[in-house]
Amino acid sequence: MKITEKNIIGELVAEDYRAAEVFSKYGIDFCCKGNQTIADVCTKKNISPDNLLNDLNEIKLQLENPVIDYKSWPLDLLADYIEKKHHRYVAEKTPVIQQYLAKISTVHGKGNPELLMIFEEFNACASALAAHMKKEELVLFPFVRKMVISNEVPAAHFGSVENPIDMMKHEHDVEGERFRRIAALSNNYTPPDHACNTFRVTYALLREFEQDLHLHIHLENNILFPKALLLESSFSGSSCSIK
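None of these values were measured; they are calculated from a predicted model.

Novice: So what's going on with the overall build of the chain? Residues and values would help.
Specialist: Per the secondary structure count, the chain includes eight helices and zero strands. Along the chain, from the amino end to the carboxyl end, the secondary structure elements read α-α-α-α-α-α-α-α. Per-residue burial over the chain gives 41% buried out of 243 residues. Of the contacts made within the chain by residues no fewer than 6 positions apart, 72% connect residues no fewer than 24 positions apart. As displayed, the chain has an accessible area near 13700 Å², and 54% of this comes from carbon and sulfur atoms. Side-chain charges in the chain split into 27 positive and 34 negative, and the spacing between the mean points of these groups amounts to 2 Å.

What follows is the structure in structure tokens.
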């Protein structure tokens, strides 16, 4: 059933949290004032109901397709997916964003000095992520795959898998904090009124990059890493099991 002007905004968010992003886009308070209908809030905020409903129904179409249950995936499949999906995304998008940042920093940097700081932060992020992903691809992920295939803990110079995992989680924290600074410097990726198309595209790409990084880190911190620790523990005679 399609979403209409009679739907309650808070109920829509409760049904699918992704609707929150749409309401935030339009500056709609779906939390404290979530008991309003779409018709009510559009009238109060002078928003086009058609535009809002189109965006919400696009989200609903996504909801009707099953949400990916990453937790049910085997560890080696999840490692493969992260490497081929998220590592590849970082490798492909990084030089594009760097090129755009270089251009708009040169053209608009005098009037918008924050661009120079964003460029510096992103370059540091690009270098750190490249090294980070290489460590995962050459050390951590192969170790995880060997545990799954051999059904035992392989010999490794780092001892327990907990050691590289702790390092990866620390590096995740560093890059998460770096992107919080980028978001603050860019006014949450909001280009100024005078921004050219390249300026606007650059901010849109930075926002997309951060969103992908959040999912990337979530899959590792909250699914892959805990399951890898449980698997290693199960081989040492622990009663722990992977769910």
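Novice: How would you summarise the confidence of the model for the chain if you had to cite specific residues and measurements?
Specialist: Per-residue confidence for the chain gives a mean pLDDT of 89, with 93% of residues at or over 70. Taken together, the stretch residues 238–243 has pLDDT below 50 and engages in 10 contacts with residues farther than four places along the chain or on a different chain.

Novice: Which residues make up unusual backbone geometry, and what are the values?
Specialist: For Asn187, which is not a glycine, the phi torsion comes out positive at approximately 55°. Mapped onto the fold, Asn187 is located in the loop between helix 7 (162–185) and helix 8 (197–235). For Asn187, a relative accessible area of 53% corresponds to the exposed category.

Novice: Any chance you could break down the environment of Asp55 for me, citing the residues and the numbers?
Specialist: With respect to the secondary-structure elements, Asp55 resides in helix 4 (residues 49–64). Judged by its relative accessible area of 18%, Asp55 falls in the buried class. Between the C-alpha atom of Asp55 and that of Val22, which follows or precedes it by 33 residues, the distance is 6.7 Å. Among residues more than four places away in sequence, those in contact with Asp55 are Val22, Lys25 and Tyr26. A polar side-chain atom of Asp55 sits 2.8 Å from a polar atom in the side chain of Tyr26.

Novice: Explain the side chain of Glu171 to me, using residue names and the numbers behind them.
Specialist: With respect to the helices and strands, Glu171 occurs in helix 7. Of note is the side chain of Glu171, whose polar atom sits 2.5 Å from the side chain of Lys135. Beyond its immediate stretch of four places on either side in the chain, Glu171 contacts His132 and Lys135.

Novice: Which residues make up the packing of aromatic side chains, and what values go with them?
Specialist: Two aromatic rings, taken as a pair, are described by how far apart their centres are and by the angle between their planes. For the structure shown, the criterion picks out nine aromatic pairs. Between the aromatic rings of Tyr89 and Phe209, the centroid separation amounts to 6.0 Å while the plane-to-plane angle is 40°, which identifies the pairing as tilted. Pair noted here: Tyr89 is in helix 5 (residues 75–108) and Phe209 is in helix 8, with a separation of 120 residues, a long-range link. Of the two residues examined, Tyr89 and Phe209, each falls in the buried class. Plain terms: the ring middles of Phe179 and Phe209 are 5.6 Å apart, the flat faces sit at 15° to each other, and that makes the pair stacked. One end of the pair, Phe179, is in helix 7; the other, Phe209, is in helix 8, and 30 residues separate them in sequence. Taking the relative accessible area as the measure of exposure, Phe209 reaches 1% and is therefore buried. Each member of the aromatic cluster is reached from another via a ring pair, and the members are Tyr89, Phe122, Phe179 and Phe209.

Novice: So what's going on with the nonpolar core? Which residues, and what values?
Specialist: Across soluble globular proteins, you tend to see nonpolar side chains buried next to one another. In this structure, Leu101, Phe122, Phe179, Leu206 and Phe209 are the most contacted members of the largest nonpolar core, which totals 24 residues. Taken together, the elements giving at least two residues each to this core come down to helix 5, helix 6 (114–150), helix 7 and helix 8. If sequence neighbours within four positions are ignored, Phe179 has contacts with Phe122, Cys125, Tyr189, Leu206, Phe209, Glu210 and Leu213. By size, the runner-up hydrophobic cluster in this structure holds 21 residues, among which are Val161, Ile223, Phe225 and Ala228.

Novice: I'd like to hear about the pattern of salt bridges, residue by residue, with values.
Specialist: With the rule as written, the count across this model stands at eight salt bridges. Here Arg145 and Asp80 are joined by a salt bridge, their closest N and O atoms 2.8 Å apart. With Arg145 in helix 6 and Asp80 in helix 5, this residue pair connects regions lying 65 residues apart in the sequence. Judged by its relative accessible area of 27%, Asp80 is partly exposed. In this structure, Lys135 and Glu171 form a salt bridge, with 2.5 Å as the shortest nitrogen-oxygen distance. You can see Lys135 sitting in helix 6 and its partner Glu171 sitting in helix 7, a full 36 residues away along the chain. Three or more residues joined by partner-sharing salt bridges are found here, namely Glu121, Glu175, Arg178 and Arg181.

Analysis parameters
Residues numbered from 1 in each chain as written. Predicted model: local features only at pLDDT ≥ 70, side-chain atom pairs only at ≥ 80, totals over all residues. Heavy atoms only, no water. Helix = DSSP H or I, 4+ residues; strand = E, 2+ residues; numbered from the N terminus. Buried < 20%, exposed > 50% of the residue type's maximum accessible area, 1.4 Å probe, protein only. Contact = heavy atoms within 4.5 Å. Areas by Shrake-Rupley, 256 points an atom, 1.4 Å probe, with all protein chains shown as cover. Lys, Arg positive; Asp, Glu negative; His and termini not counted. Charge placed at Lys NZ, Arg CZ, Asp CG, Glu CD. pLDDT = per-residue confidence, 0-100. Polar contact = N/O pair within 3.5 Å; in protein donor to acceptor, adjacent residues only side chain to side chain. Phe/Tyr/Trp six-rings, centres within 6.5 Å; stacked < 30°, edge-to-face > 60°. Core = buried A, V, L, I, M, F, W, Y, C linked by side-chain atoms within 4.5 Å. Salt bridge = Lys/Arg side-chain N within 4 Å of Asp/Glu carboxyl O.

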